[in-house]
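Structural overview for review
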Amino acid sequence: MEQMSMQKRSLGKTGLQVSAIGLGCAQLGSSSIEYAVRVVRRALELGVTYLDTARGYRDAEIKIGQALQGWARDRLVIATKTGGKTRDEARQHIEESLQRLRTDYVDVCHLHGLRRGDDLEQRLGPGGALEALIQAKEEGLVHHIGCTSHRWETLVEAIQRFPFEVILVPMNVIEREPLQELIPLCQEKGIGVTIMKPVATGLLPATLALKWLLNQPIATAVPGATKIEEAEENALVGCRPIALTDGEQAQIEALRLGYERSRCRVCNYCTPCPQGISIGSHLGTDVMYDHYRTMGPAEFRAFAWSREAIERDLESRRKQIEAIESCDRCGRCEELCPYGLPIMEMLPRMLPAMRDMVAIYEELLSI
Ligand SMILES: NC(=O)c1ccc[n+]([C@@H]2O[C@H](COP(=O)([O-])OP(=O)(O)OC[C@H]3O[C@@H](n4cnc5c(N)ncnc54)[C@H](OP(=O)(O)O)[C@@H]3O)[C@@H](O)[C@H]2O)c1
Ligand code: SF4
Ligand code: SF4
């Protein structure tokens, strides 16, 4: 097939042009610095110009800062995030992110992981994190203000209260809810729509899933890539025709139906669990577990992990196993899950892989 250049799209009314396929940088926190730098550089070579990172993605910002040495800063659009609640906390985060990324400004800074209720009130209210973003924008440290959430309803509320310029929301072949109300509202207001979880954390065939997304009214999708080959495959989708054939449409519909009742949306309607199990974090957003699921044990053992990432995961993984083992099958979570997920079957199914991960970590750390 004829090679084309990366498709560019407008990021809402920001005036920025971004690559239709960006790079989700949460996964960079898992690999060694040398390997992560190669992933970023390969994505950039293939035309990716949008990097979605966060202070919360372990040392991803530091790795990006290293990878970008020698690249023209003004050709890239960098979005980072602060999970800070207060003005002072968020201010400190912004300053640290700039240092870690080795840059004078970020194009977008998001309020990370907004939650409805007290969290939204605090962060958007007096003395809240949003005030730090507004001040940083006045000072030129942040060019555009955005917000992210796993729940589209929270983002609808946020953009009605403040003129956010960019949002990041999960959407994919299975999780299409943002298309109903959130995205039309963003189109009306000229807000740049960026998409996380575009390949449902690796459950979907990446090329097909990204092609489907690029047919939706979005600015950019930011698939995470642990391996260089994944970054390559994903970037190439933005360089090729995106029209879907009838066969692909049928495959997409089959995937949607197949995963409808097993894909966790991390909406957290099922919490709190009386045993303190973080249901949504395990089922929907457990990055290291997802690596194991995608790679299988042999590749997982051999991969170039960051030692710090596996030390940290070993510590929390043992506690997570204990937590899941403590499930007494009270059934409360299943009653509350709006998607009808069989949570009491899904959680214990993760245990053999988690125990194997612990064994692999112990082996790797003892070498
Ligand atoms: N703001 C937030 O609250 C938030 C939350 C989550 C994510 N995000 C952002 O969104 C980005 C993407 O979301 P996500 O990482 O959760 O989900 P995702 O992009 O749907 O899934 C990423 C995973 O899918 C697998 N994958 C990707 N490309 C592949 C390919 N070509 N072939 C085979 N497998 C492939 C990889 O699995 P393996 O790693 O297992 O190989 C990768 O880690 C993150 O990096 C981050 O920037 C933001
Ligand atoms: S069934 Fe298990 S996971 Fe669900 S709420 Fe009860 S203890 Fe928690
Ligand atoms: S299990 Fe259901 S309710 Fe709980 S976070 Fe996942 S989708 Fe939401």
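Okay, so let's go over this structure. (Residues numbered from 1 in each chain as written. Chains lettered and ligands numbered in written order. Predicted model: local features only at pLDDT ≥ 70, side-chain atom pairs only at ≥ 80, totals over all residues. Heavy atoms only, no water.)

**Quick notes on the site of ligand 3**
Note the threshold: The near set for a molecule or strand comprises every residue that places at least one heavy atom within 4 Å of it. Buried and open spaces are told apart on a 1 Å grid over the protein atoms alone, a cavity being a set of points where a 1.4 Å probe fits but cannot get out and a pocket being an open set with protein on both sides within 12 Å along at least five of seven lines. Residues with an atom within 4 Å of a point are the lining residues. Any molecule with more than half of its atoms within 2 Å of a cavity's or pocket's grid points is regarded as sitting in that cavity or pocket. Each residue receives one of three labels: charged for Asp, Glu, Lys and Arg, nonpolar for Ala, Val, Leu, Ile, Met, Phe, Trp, Tyr, Cys and Pro, and polar for the others, Gly being one of them.
By nearness alone, 13 residues border ligand 3, and Cys264, Cys267, Asn268, Cys270 and Cys337 come closest of all. Cavity membership is defined here by more than half of the atoms lying within 2 Å of grid points; on that basis ligand 3 lies in the second largest cavity. In terms of residue class, the shell around ligand 3 is built from 10 nonpolar, 2 polar and 1 charged.

**Details of the pairing of strand 9 (residues 192-196)**
We apply this condition: Throughout this description, buried means an accessible area under 20% of the type-specific maximum (1.4 Å probe, protein chains only), exposed means over 50%, and partly exposed covers the range between. Runs of E in the DSSP output that reach at least two residues are strands. Runs of H or I that reach at least four are helices, and both are numbered from the N terminus. Two strands make a pair as long as DSSP finds a minimum of two bridges between them. Handedness of a crossover is defined as follows: with both strands directed away from the viewer, a clockwise route from the first strand across the helix to the second makes it right-handed.
Burial analysis of strand 9 places 5 of its 5 residues in the buried class, which makes it a mostly covered element. Here strand 9 shows two buried faces, one formed by Gly192, Thr194 and Met196 and the other by Val193 and Ile195. Here 5 bridges tie strand 8 (residues 166-170) to strand 9, and the two strands are oriented parallel to one another. Residue Val169 lies in a different strand from strand 9, and its bridge partner there is Ile195. Each parallel crossover has a hand, and for strand 8 linked through helix 7 (residues 182-189) to strand 9 it is right-handed. Of the pairings in the sheet, the one linking strand 9 to strand 10 (residues 220-221) comprises 2 bridges and is parallel in character. Residue pairing across strands places Ile195 opposite Ala221, the latter belonging to strand 10. With respect to chirality, the unit in which strand 9 leads through helix 8 (residues 206-214) into the neighbouring parallel strand 10 is right-handed.

**Brief notes about the sheet that holds strand 5 (residues 77-82)**
Whenever strands of a sheet pair, they do so through backbone hydrogen bonds, lying parallel or antiparallel. An order of 3-4-5-6-7-8-9-10 is seen for the 8 strands of this open sheet, with the pairing classed as parallel. Of all strands in the sheet, those bounded by a partner on one side alone are strand 3 (23-24) and strand 10.

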